[in-house]
Amino acid sequence: MNVFIDVTGSCKSARNTGVQRVTRHIFAALSEQTSVTPICWNRLGNFYHRLGPRERKFLTSPFRNYRSAVGRPEFRGEKFFGEFRRYRTAHVVDLASSLGQGDVLLVPDIYSDQRSERLPAMIRQGQARSVAIFHDAATLRLGLLSKNAADRFRKYARSLAAFDLVICISQESRATLLQLWEQSAIVDLPEVCVEEWPLEFDEGERAAAHGDFQDVILCVGSFDARKNHLKLFEAATRLWDSGLKLELRLVGRSTGAWGYQVEPRLRWLQLRGRPLVWLKHVDDRALHRAYRECKFTVYPSLAEGFGLPILESLWHGKPCLCGRNGALGEVARGGGCLLVDQTSVSALAEGMKRLLTDPIAYEKLSAEARQRNFRSWSDYTSSLREHLQIPVKTEALSGAI
């Protein structure tokens, strides 16, 4: 038995948002239990290929040579020249003929390329079990995509119906996927289930995570339109103008689609002397430090498929200010979060002010955050192994790269 896992979005650069982090963890965990072949899609040649040394490095240790934080980590391998290099040198994988009976195709990646057409055909030709992970359609639901991009996303969603099983990361994402299939008049549906993302850091880090930096607020998220940074800046400006002392720190990559809106506003506020710091796209060590050094976090995202930064904040014992809608509300349930209308600048400002100035409310949420229990990677991997129908073995097998 061999598991072919599509790691396209996680092997070309050090980009390390939620999808990449989970994909890398899945690959590492499965490699300890069965034979695994990671494969990458080349957009120029429209084929799958095996990973070269550079891709293996980004998949297994993305920050090995990451000497300084950058705003756009994908420039180091995801753009044209990196893709052209892979097109010229990569070992092509004929997936349709490579997948045999008893094998598994796992696609935790999000795609808007020719895979939407090619993967259903490959699945029909092969005898392997096919499993995809669906994350979210938040950007589509919020109307933030161009017509062409929206059409590509709907095509991607339709292609998922060709798989034997689709694993959704929240009840919200499951409901959204079923709605998209209904809108496309797809009646022959695959099995669909929900497996929430796990969260498992070094417990030593959690024990040391309760520092209290009185005036530091942290926001973790890429500069996407739905992450709502501009309203967060407005809310922080109201508090600064009122004389309230606070420093706002940002962690996350910029994007070509929306960074041109966020970055100029950020620089303008900095030029005005506002205590606003962008740490950019950081490695895991710097991310832990950022959580430790804040008083609380704010996650003003308008919609998510899950909301991993909320759980990361709570794991560190830090309250999180966030919305209550959809998957955000699912993650926030259990305590530690101050729920507000994140579409309102006034609500964001009042929420931050409360956590900065009301010690009773702050300590209550902090205590709730420290008491939260989180799903472990061992539990998630056990469920995933069942979904993939991987036999339980007494001895771990080394992964094949």
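Above this text is the structure in question.
Below is a short write-up of the structure. Keep in mind the model is a prediction, meaning the values are calculated, not measured. (Residues numbered from 1 in each chain as written. Predicted model: local features only at pLDDT ≥ 70, side-chain atom pairs only at ≥ 80, totals over all residues. Heavy atoms only, no water.)

Notes on the sheet that holds strand S4 (residues 92–93)
Thinking step 1. With mixed pairing, 8 strands are arranged side by side in an open sheet as S4-S3-S2-S1-S5-S6-S7-S8. Sheet topology places S4 and strand S8 (191–194) at the edges, where each strand pairs with a single neighbour.
Thinking step 2. Bridge count between strand S5 (residues 104–107) and strand S6 (residues 129–134): 4 bridges; the pairing is parallel. Within S6, the position partnered with leucine 106 by the bridge is valine 131. (Pairing = 2+ DSSP bridges. Helix = DSSP H or I, 4+ residues; strand = E, 2+ residues; numbered from the N terminus.)

Let's talk about the packing of helix H1 (residues 18–31) against helix H17 (residues 377–388)
Thinking step 1. Close contact between H1 and H17 brings their axes to 11 Å; oriented N to C, the two are set at 75°. On the basis of their axis angle, the class for H1 and H17 is roughly perpendicular. Residue-level contacts link Val22, His25, Ile26, Ala29 and Leu30 of H1 to Trp377, Tyr380, Thr381, Leu384 and Leu388 of H17. (Axes fitted to C-alpha atoms, helices over the stretch in contact; angles between N-to-C directions. Parallel < 35°, antiparallel > 145°, perpendicular 65-115°, else oblique. Contact = heavy atoms within 4.5 Å.)

Focus: the packing of aromatic side chains
Thinking step 1. Enumeration according to the criterion identifies 13 aromatic pairs in this entry.
Thinking step 2. Relative to phenylalanine 81, the ring of phenylalanine 80 lies with its centre 5.5 Å away and its plane at 75°, an arrangement referred to as edge-to-face.
Thinking step 3. Classification of phenylalanine 81 as exposed rests on a relative accessible area of 69%.
Thinking step 4. The interplanar angle of 15° and the centroid separation of 5.8 Å between the aromatic rings of phenylalanine 80 and phenylalanine 84 together place this pair among those described as stacked. Of this pair, phenylalanine 80 and phenylalanine 84 both sit in helix H3 (residues 80–89), 4 residues apart, which is roughly one turn of that helix.
Thinking step 5. The partly exposed category is assigned to phenylalanine 80, whose relative accessible area is 49%.
Thinking step 6. Among the aromatic residues, those joined into a cluster by ring pairs are Phe47, Phe80, Phe81, Phe84 and Tyr87. (Phe/Tyr/Trp six-rings, centres within 6.5 Å; stacked < 30°, edge-to-face > 60°. Buried < 20%, exposed > 50% of the residue type's maximum accessible area, 1.4 Å probe, protein only.)

Focus: the pattern of salt bridges
Thinking step 1. The tally for this structure, following the rule as stated, stands at 25 salt bridges.
Thinking step 2. Taking the shortest distance from any N to any O, the salt bridge between arginine 115 and aspartate 6 comes out at 2.9 Å. Taken together, the residues span a long stretch of sequence, with arginine 115 in helix H5 (residues 115–125) and aspartate 6 in strand S1 (residues 2–6) at a distance of 109 residues.
Thinking step 3. A relative accessible area of 3% places arginine 115 in the buried class.
Thinking step 4. For aspartate 6, a relative accessible area of 0% corresponds to the buried category.
Thinking step 5. Notably, a salt bridge pairs arginine 86 with glutamate 55, separated by 3.3 Å at the nearest N-O pair. In this pair, arginine 86 is assigned in helix H3 and glutamate 55 in helix H2 (residues 53–60), connecting sequence segments 31 residues apart.
Thinking step 6. Three or more residues joined by partner-sharing salt bridges are found here, namely Lys12, Glu55, Glu83, Arg85 and Arg86. (Salt bridge = Lys/Arg side-chain N within 4 Å of Asp/Glu carboxyl O.)

Let's talk about the layout of surface pockets
The rolling of a water-molecule-sized probe over the atoms marks out the regions of remaining empty space.
Thinking step 1. Put simply, the second largest pocket is a space of about 380 Å³.
Thinking step 2. Along its surface, the second largest pocket is lined by 18 residues, and Arg21, Arg24, His25, Pro62 and Asp284 are the ones closest to its centre.
Thinking step 3. Of all elements in the fold, only H1, H2 and helix H12 (284–292) reach the threshold of two or more residues within the lining of the second largest pocket.
Thinking step 4. Looking at the lining of the second largest pocket, the element that brings in the most residues is H1, giving 5 residues.
Thinking step 5. Among the residues making up the lining of the second largest pocket, the classes are represented as 8 nonpolar, 6 polar and 4 charged. (1 Å grid on protein atoms, 1.4 Å probe; cavity = no way out; pocket = protein on both sides within 12 Å on 5 of 7 lines; lining within 4 Å. Points joined across faces, edges and corners; volume = space filled by probe spheres on them. Nonpolar A, V, L, I, M, F, W, Y, C, P; charged D, E, K, R; others polar.)

Everything listed is a geometric property; what it means functionally is a separate question.
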